Every structure is written in C-alpha cells, then in structure tokens.
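Residue strings, one per chain:
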Amino acid sequence: MKDIKEMILDFVQKEYPLPDGVDYDTFDLIENGYIDSMSLVVFVSLLEEEYDIEFTAEEIVSKDFRTISGIEKIIKSKKHS
Amino acid sequence: MIESTIKGIKVIGVSSAVPTQKINNIDYSSVFGEDVVKKTIESTGVRTTYHSIDKQMASDLAFVAAKDLLEKKDISPSDIGILLFISSHHDYIAPATSFVLQKRLGIPIDSIVFDINLGCSAFVYGLHVASSLLKTTNINKALVLIGDSSSRVVSPKDTSRLLFGDSGAAFLIEKTEEDKDKISFGFKSDGNRFDDIYIPAGGFRHLKGSFDLFTEEDGWERSDYHSHMKGTNVFAFSVADVPKLVREFMKKEDLSVDKIDKLFMHQPNLYIIKNVIRKLKFTEDKVPMTIDKYGNTSGVSIPITMCNFYGDKNEGIKNVLLLGFGVGLSWGVANLFIDTTDIFPVVFSDEYYDDGFTTH
C-alpha cells in the first residue's frame with residue numbers, strides 16, 4: 001500500500017508539478033486547477049481502491065478534501081474507524 | 001429510503017428515439033482546443049451525441065418513441081388511460097406538455113394526463129407513479145413518456161456541451177392478475193441540494209434573466225438560461241449517495257448481484273458509471289452502457305440503454321435493476337422482470353410538431 005501523501009502527490013502532479021515550497025495544509029488543489037470536477041472522480045476512485053475505503057458525499061465536498069494534508073487526514077481517520 | 005412494492009403490474013414495452021443529427025465530439029476541438037476535447041472525451045467516455053434540429057422539442061422525440069411503441073405492440077391509443085410526460089424541458093409554461101402529446105397521440109378524454117418535472121431519475125419515478133395510478137383506478141394501461149433536449153440548455157462555451165445528447169422514450173405498463181408481476185422500488189430526494197443542477201432563468205421566479213454569457217468559477221461561460229452544475233457536489237452525490245441507496249435496497253429486497261441479469265443505470269459519464277459499478281460489486285458485462293454513443297441523455301438514459309442493448313435481441317425474460325439519479329437531487333432504484341422481446345431498437349427522427357404559433 002502506497003504512502004497516502006505520495007499517492008496524492010503522484011496524482012496531482014501528473015501534468016504539472018506543484019510550486020516549490022507549497023504548503024500542504026493550505027494549498028487548494030481545486031482552486032489552483034490541480035483537480036477539476038472531471039479528474040475528481042478518477043482521484044476518488046483511485047484513493048478508494050488503494051486504501052479500501054469509501055468516501056461520503058460530505059467528505060468529498062468538504063474543505064479538507066481540497067488540500068493534501070486534509071485528504072490525508074480524512075483517509076487516516078477512515079482507516080482507523 | 002422510501003420503499004414500495006407494487007404487485008400485478010408489468011412493463012410491456014420500451015421504445016426510444018433520437019434525432020438524426022450526429023455530433024462527433026472531436027469536432028469541438030476548434031471551440032475548446034484539441035487537448036481539452038481529448039481529455040474530456042477520455043474522462044467522460046462520450047464520443048458522439050445526437051442533437052435536435054431547431055424546431056424539434058423533447059416532446060417530439062418522446063412522441064416518436066410513443067408512436068413506435070404503440071405500433072410495434074399493436075396497441076390502440078384508445079386503450080391508454082394514463083399518459084405521463086416526464087421532462088425538465090417542457091413545450092410551454094402552460095399547459096403541461098402531456099396534453100399536447102395526448103392530442104397528438106389520440107389518447108381518449110377518459111384518461112389521467114399530467115407532467116412530472118424530473119430529469120435523470122424519470123424512468124424509476126414515472127414507473128412508480130403510473131403503476132400506483134393503475135392499481136387505484138379502472139385503467140388497464142399506462143403510457144409514460146420521457147424527453148430531454150439538454151443540448152438546448154448547455155452553453156456553447158461550456159465543455160458540458162460534449163456530454164449531453166437529446167432523446168425521447170416511451171414505455172407501457174399494464175395491470176395484470178398475477179402477483180408474480182411485481183416491481184419493487186427504493187427512493188430518495190434531497191431538495192437541500194436543489195441548486196446543484198439548475199437553470200436559474202425562464203421560470204416565474206426569474207422570468208427575465210440575462211442572455212449574456214458570463215465566465216464562471218470553472219472558467220466556462222454561461223448565461224442565466226443555461227444549465228449550471230456544481231460539478232464537485234454532483235460527482236460526490238453520484239459516487240457516494242447513489243450506491244448507498246442501491247445497497248440498502250438490495251439488502252431489503254434480499255437481492256444479490258448474481259440474481260440480477262442486468263443493471264441499467266443512468267449514464268452521467270464513464271468514470272461515475274465505473275465507480276458505481278465497482279462499489280456495487282457488479283461486473284461490467286452486467287451493466288450495458290451507451291455513454292460513448294448517445295452521451296448523457298438525462299431521463300432517457302435508462303430506456304435508451306435498454307433499447308440499445310436488447311432492441312435487436314430476444315433473450316427471454318430478464319431480471320433487471322434500474323437506477324436513476326440526478327437533478328433535484330432525486331434518486332431511485334427499481335427491480336423488475338421484463339420480456340426482452342418487448343424492448344425495441346432505437347429509432348431516429350427529425351419529426352416535430354408545428355403548433356401554428358406566431359409571436360405578436
């Protein structure tokens with residue numbers, strides 16, 4: 001099983017690398033165009049399959065789901081629940 | 001979940017119609033750029049759609065499907081006692097479009113006729129409403145029409161234009177004496193998310209909006225009369241809430257994947273379809289798709305996929321699960337047996353109704 005942060009970084013940097021020194025806690029992946037509503041479905045499927053979890057609609061639309069640390073936090077909390 | 005089981009009811013025919021004008025999505029490269037178009041085709045799975053000609057409405061396509069169905073089933077319009085038209089794209093503010101269709105089809109005055117304003121969940125809700133009416137009246141046959149002309153409400157400067165196709169469908173329901181002819185349903189609705197998919201102007205609340213195109217958050221341009229969708233919310237709904245309802249329904253009905261021959265689900269885009277299939281543990285061979293050929297045809301996507309798959313096959317009676325979800329937000333699932341010889345191939349037509357109207 002891949003490291004969560006590594007998995008997210010691999011996906012979002014497929015086309016363009018993140019800016020140097022980006023803050024994983026605050027950098028908004030949707031607002032900055034790293035994930036759009038189309039690629040979101042692919043991203044969600046990838047994470048759900050890799051970590052054997054299912055996100056709720058509330059989690060996907062939450063502010064946490066927009067940042068690398070936030071997504072990691074959601075996945076970790078689901079793995080431990 | 002709202003549960004319902006109706007006994008002594010049978011679907012005895014399904015037809016679908018599309019316009020003749022075929023749109024190849026790759027041709028949008030000159031509007032949106034080749035990279036964007038290729039990426040959109042890859043992520044949505046939509047390669048072609050069919051768009052209506054100017055004068056052709058959603059009801060015209062539904063009418064063609066209904067006429068085809070009555071002819072192929074050799075059923076006279078005089079035998080129909082319930083006529084429903086389900087769409088988000090009606091002909092007039094008033095009256096309900098179903099009355100125009102009643103006139104055109106020759107459905108008798110001794111009948112129940114009305115419209116339902118729904119989109120992608122139309123088939124499941126229409127099936128339930130018509131079946132319930134059949135059970136509580138002296139009527140034996142109901143004709144349910146669905147039509148959507150999404151190409152009219154999507155901005156020409158919005159990549160969603162690549163997703164949506166126009167189409168119409170009709171299905172017949174008959175009252176029987178057999179308890180084994182039963183249909184089970186599960187429903188949910190969430191008005192808290194009413195503006196996740198909506199067209200703000202044109203109804204009475206915002207009768208006069210702006211026709212000017214404005215650039216929105218996602219970078220695409222739309223007017224007040226175009227369809228607006230909160231993409232993230234709708235995707236989240238589709239991949240989380242929808243499979244949850246189906247699992248709840250299958251558990252309640254004691255249904256397992258192996259008991260179901262085919263799942264006919266709404267066709268929003270390829271990745272959502274695949275995500276839902278995976279979550280429900282269906283294999284792809286059990287879930288026919290038409291997203292590549294017809295695109296997202298809103299409420300017609302279930303019947304058009306049935307017609308595309310079974311239209312030229314005779315595979316006897318099959319146990320099918322139908323799953324619709326979308327604008328509202330509205331989602332519903334139904335389980336029934338259907339004779340595949342009652343499902344007819346998709347027809348193509350540019351027929352439209354000339355009501356003789358001229359503006360003052």
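Each chain carries its own residue numbering, running from 1 in the written order of its sequence. For naming, the first written chain is A and the first written ligand is 1, with later ones following in the order written. Under the rules for a predicted model, residues below a pLDDT of 70 receive no local features and side-chain atom pairs below 80 are neither given nor counted, while totals for whole chains, interfaces and linings still include all residues. Only heavy atoms go into the side-chain values, all of them from the structure, while hydrogens and water stay out.

Quick word on the overall build of chain B
Assigned secondary structure in chain B consists of nine helices and 17 strands. Dimensions of chain B along its principal axes, counting C-alpha atoms only, are 55 × 55 × 40 Å. Every one of the 360 residues in chain B was classed for burial, and the buried ones make up 58%. Put simply, of all contacts in chain B between residues at least 6 apart along the chain, 79% involve residues at least 24 apart. Every helix listed is a DSSP run of H or I at least four residues long, and every strand listed is a run of E at least two residues long, numbered separately from the N terminus. For each residue, the accessible area found with a 1.4 Å probe, counting protein chains only, is set against the maximum for its type, and the residue is called buried under 20%, exposed over 50%, and partly exposed in between. Any two residues having at least one pair of non-hydrogen atoms within 4.5 Å are treated as being in contact.

What about unusual backbone geometry?
Residue and element names in this part refer to chain B. Alanine 94 connects to proline 95 through a cis peptide bond whose omega is 5 degrees. Along the chain, proline 95 turns up in the loop between strand E5 (82-86) and helix H4 (97-105). Of the consecutive residues glycine 328 and leucine 329, the connecting peptide bond is found in the cis state with omega at 0 degrees. Here leucine 329 is to be found in the loop between strand E15 (317-326) and strand E16 (330-339). In this structure, aspartate 254 takes a positive phi of about 55 degrees despite not being glycine. Here aspartate 254 shows up in the loop between helix H6 (231-252) and strand E14 (262-265).

Re the interface of chain A and chain B
Taken together, the contacts link 17 residues of chain A with 21 residues of chain B. Between chain A and chain B the total buried area reaches about 1,500 Å² when both faces are included, carbon and sulfur atoms providing 66% of it. When two parts are put together, the accessible area they lose, computed with a 1.4 Å probe and summed over both, is reported as buried area. By the criterion of area lost to chain B, the three top residues of chain A are A:Met38, A:Val41 and A:Glu54, representing 34% of everything that side buries. One speaks of a salt bridge when a side-chain nitrogen belonging to Lys or Arg is within 4 Å of a carboxyl oxygen belonging to Asp or Glu. Where chain A meets chain B, there are five salt bridges. With its nearest N and O atoms 2.9 Å apart, the salt bridge here joins A:Glu48 to B:Arg278. Of all the secondary structure elements, the ones that give two or more residues to the side of chain A that touches chain B are helix H2 (37-51) and helix H3 (57-61) of chain A. For this classification, Asp, Glu, Lys and Arg are treated as charged, while Ala, Val, Leu, Ile, Met, Phe, Trp, Tyr, Cys and Pro are nonpolar and the rest, including Gly, are polar. Along the lines of polarity and charge, the residues of the side of chain A that touches chain B split into nine nonpolar, three polar and five charged.

Describing the packing of H2(A) against H6(B)
In this description, a line fitted to the C-alpha atoms serves as the axis of each element, helices being fitted only across the stretch in contact, and the angle between N-to-C directions of two axes falls anywhere from 0 to 180 degrees. Where H2(A) contacts H6(B), the two axes come as close as 9 Å, and the packing angle between them is 30 degrees. Considered as vectors, H2(A) and H6(B) are oriented roughly parallel to each other. Where H2(A) crosses over H6(B), the two elements pack in a sense that is right-handed. Between H2(A) and H6(B), the residues in contact are A:Ser37, A:Met38, A:Leu40, A:Val41 and A:Val44 and B:Gly231, B:Thr232, B:Phe235 and B:Val239, respectively. When the residues that make up the contact of H2(A) with H6(B) are grouped by side-chain class, the tally is six nonpolar, three polar and no charged. Here is the rule for angles: anything less than 35 degrees is roughly parallel, anything more than 145 is roughly antiparallel, 65 through 115 is roughly perpendicular, and the remaining ranges are oblique. The crossing is said to be left-handed when, going from far helix to near helix, the turn is anticlockwise and less than a right angle, and right-handed when the turn is clockwise.

Quick look at the domain arrangement of chain B
All names here are of chain B. If you check the domain split of chain B, you get domain 1 (8-180) and domain 2 (184-342). Start and end points for every domain follow an automatic or database-based domain assignment. Computed over C-alpha atoms, the centres of domain 1 and domain 2 are 14 Å apart. On the domain 2 side, the residues contacting the 48 residues of domain 1 number 47 residues. Regarding the contact of domain 1 and domain 2, the summed buried area is about 3,900 Å², with carbon and sulfur atoms giving 66% of it. For the domain 1 face of the interface with domain 2, the top three residues by lost area are Cys120, Val124 and Tyr125, together amounting to 17%. Taking the shortest distance from any N to any O, the salt bridge between arginine 222 and aspartate 158 comes out at 2.8 Å. Any pair of N or O atoms that falls within 3.5 Å is considered a polar contact. Within protein, one atom must be able to donate a hydrogen and the other to accept it, and sequence-neighbouring residues count only if both atoms are side-chain atoms. Viewed at the interface, domain 2 and domain 1 are joined by 22 residue pairs in polar contact (both at pLDDT 80 or more). Counting only elements with at least two residues in the side of domain 1 that touches domain 2, the list comes to strand E2 (9-18), helix H2 (34-44), strand E4 (48-51), helix H5 (122-135), strand E7 (141-149) and strand E8 (166-175).

As for the pattern of salt bridges
Opposite charge on two side chains permits them to pair, given that their charged atoms come into close proximity. For the structure on display, the rule yields 26 salt bridges over all chains. A salt bridge links A:Glu72 to A:Lys76, with the shortest nitrogen-to-oxygen separation between them at 3.6 Å. Residue A:Glu72 and its partner A:Lys76 are both found in helix H4 (residues 68-80); the two are separated by four residues, about one turn of the helix. Taking the relative accessible area as the measure of exposure, A:Glu72 reaches 12% and is therefore buried. Classification of A:Lys76 by relative accessible area gives partly exposed; the value is 40%. Across the pair B:Asp195 and B:Lys230 runs a salt bridge, and its minimum N-O distance is 3.3 Å. Placement of B:Asp195 in the loop between strand E9 (182-189) and strand E10 (197-198) and of B:Lys230 in the loop between strand E13 (228-229) and H6 is noted, with a sequence separation of 35 residues between them. Given a relative accessible area of 24%, B:Asp195 falls into the partly exposed group. On the basis of relative accessible area, B:Lys230 is assigned to the partly exposed category, the value being 37%.

Considering the side chain of B:Ser15
All names here are of chain B. Relative to the assigned elements, serine 15 resides in strand E2. The class of serine 15 is buried, set by a relative accessible area of 0%. A polar contact of 2.9 Å, which involves the side chain of serine 15, links it to the side chain of aspartate 68. In contact with serine 15, other than residues within four places in its own chain, are Ala65, Asp68, Leu69, Gly168, Ala169, Ala170, Cys307 and Phe344.

Let's talk about helix H1 (residues 4-12) of chain A
Residue and element names in this part refer to chain A. Residues of H1 that are buried: Ile4, Met7, Ile8, Leu9, Phe11 and Val12. Each element contacted by the buried residues of H1 is listed here: H2 and H4. At the N-terminal boundary of H1, the capping side chain belongs to aspartate 3, with an oxygen 3.3 Å from the backbone nitrogen of lysine 5.

Observations concerning the sheet that holds E7(B)
Strands pair in a sheet through their backbones, by hydrogen bonds, and they do so in one of two ways: parallel or antiparallel. Residues and elements named next belong to chain B. Paired strands, in this sense, are two strands between which DSSP finds at least two bridges. One open sheet holds the six strands; their spatial order is E6-E5-E7-E8-E2-E17, and the pairing between them is mixed. What marks the edges here is a single partner per strand, and that holds for strand E6 (112-116) and strand E17 (347-348). Packing of helix H3 (residues 58-73) onto the sheet brings it into contact with E2, E5, E7, E8 and E17, and relative to E8 it is tilted by some 40 degrees. Of the strands in this sheet, E2, E5, E6, E7 and E8 touch H5, which is tilted by about 30 degrees from E8.

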